[in-house]
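# Secondary and tertiary structure notes
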Amino acid sequence: TAWLELLTTEVRPEVERHRDVLADRIAPHARRDDRVGLCWLPDGEQAYREAVRLHTTTAATPEELHQLGHELIDRLRDEYRDLGGRVLGTTGVDDIFQRLRAAPELRFGSAGEIRHAAEVALGRAQAAVGGWVATPPTIACTVREIPAVEAPESTIAYYQPPSLDGTRPGQYFVNTHDPTTRPRFEAEALAFHEAV
């Protein structure tokens, strides 16, 4: 009853007020939908170049980075064709992606398989980290399953840092709900990314 009262008397009116401010005071002054992006602002091109420099820490121009992206995609297509031919029996990029999206044999069969794959991948990541970073983490990371009550609406995995005093290790949470929707081929990259 108390929550319903709070929702009715405070939360909903504030959300409505926020909506009205957006609609009545901000939207009339916003740029049109065909004018999104920094390039439409005064000095927008320079602001974009500065943002690129800040976020990439390189002297590369946006155009150079765009071209680099195209080159990387082309190289990845060649890798897909090579791997697809060896592993999936097809070299067609569209066929490869379709198989990756739909083939049941590329999915997990149980929650236990997901957890085991995460633990194996985390072990490999922890063993490799010393070759990639100068100061490897000293606090351990453990694998945990996302709680069942949270799992159906949660992401596939996430990381929770260790406690500041080091008494609780970092925790790599994996979603074991509905394992047949979880691809096996993502498990290692996901563990490396999230946990290490």
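About the cut-offs
Residues numbered from 1 in each chain as written. Predicted model: local features only at pLDDT ≥ 70, side-chain atom pairs only at ≥ 80, totals over all residues. Heavy atoms only, no water. Helix = DSSP H or I, 4+ residues; strand = E, 2+ residues; numbered from the N terminus. Rg over C-alpha atoms; globule rule 2.2 N^0.38 Å. Buried < 20%, exposed > 50% of the residue type's maximum accessible area, 1.4 Å probe, protein only. Contact = heavy atoms within 4.5 Å. Areas by Shrake-Rupley, 256 points an atom, 1.4 Å probe, with all protein chains shown as cover. Core = buried A, V, L, I, M, F, W, Y, C linked by side-chain atoms within 4.5 Å. Expected span 1.5 Å × (residues − 1). Arc of directions from axis to C-beta.

## Things to note about the overall build of the protein
Within the protein, the secondary structure is distributed over six helices and three strands. Along the protein, helices and strands appear, N-terminal first, in the series α-α-α-α-α-β-β-β-α. A compact globule built from 196 residues should have a C-alpha radius of gyration of about 16 Å, whereas the protein, at 23 Å, is more than 25% larger. Dimensions of the protein, computed from the C-alpha atoms along their principal axes, are close to 55 × 55 × 40 Å. Put simply, the protein has 196 residues, and 19% of those count as buried. Considering only residue pairs separated by 6 or more positions, the protein has 52% of its internal contacts joining residues 24 or more positions apart. Counting only carbon and sulfur atoms, one obtains 57% of the accessible surface of the protein, whose full area is about 14,300 Å².

## Quick notes on the nonpolar core
Within soluble globular proteins, side chains that are nonpolar tend to cluster in buried spots. Ranked by internal contacts, the top residues of the largest apolar core, which has 13 residues, are Ala118, Leu122, Cys141, Val143, Tyr172, Val174 and Ala195. Every element with two or more residues in this core is listed here: helix H5 (111-128), strand E1 (141-145), strand E3 (170-174) and helix H6 (187-195). For this core, the element with the most residues is H5, which contributes four residues. Setting aside residues up to four positions removed in sequence, Leu122 forms contacts with Cys141, Thr142, Val143, Ala191, Ala195 and Val196.

## Looking at H5
The first and last C-alpha atoms of H5 sit 26 Å apart over 18 residues, in line with the 26 Å expected at 1.5 Å per residue. Inspection of H5 places Ile114, Ala118, Ala121, Leu122 and Ala125 among the buried residues, and these make up the whole buried set. Taken around the axis of H5, the buried residues stretch over an arc of 105°, which confines them to a single face. In H5, the exposed positions angled more than 90 degrees off the buried face are occupied by His116 and Ala127. In the core, the buried residues of H5 are packed alongside E1, E3 and H6.

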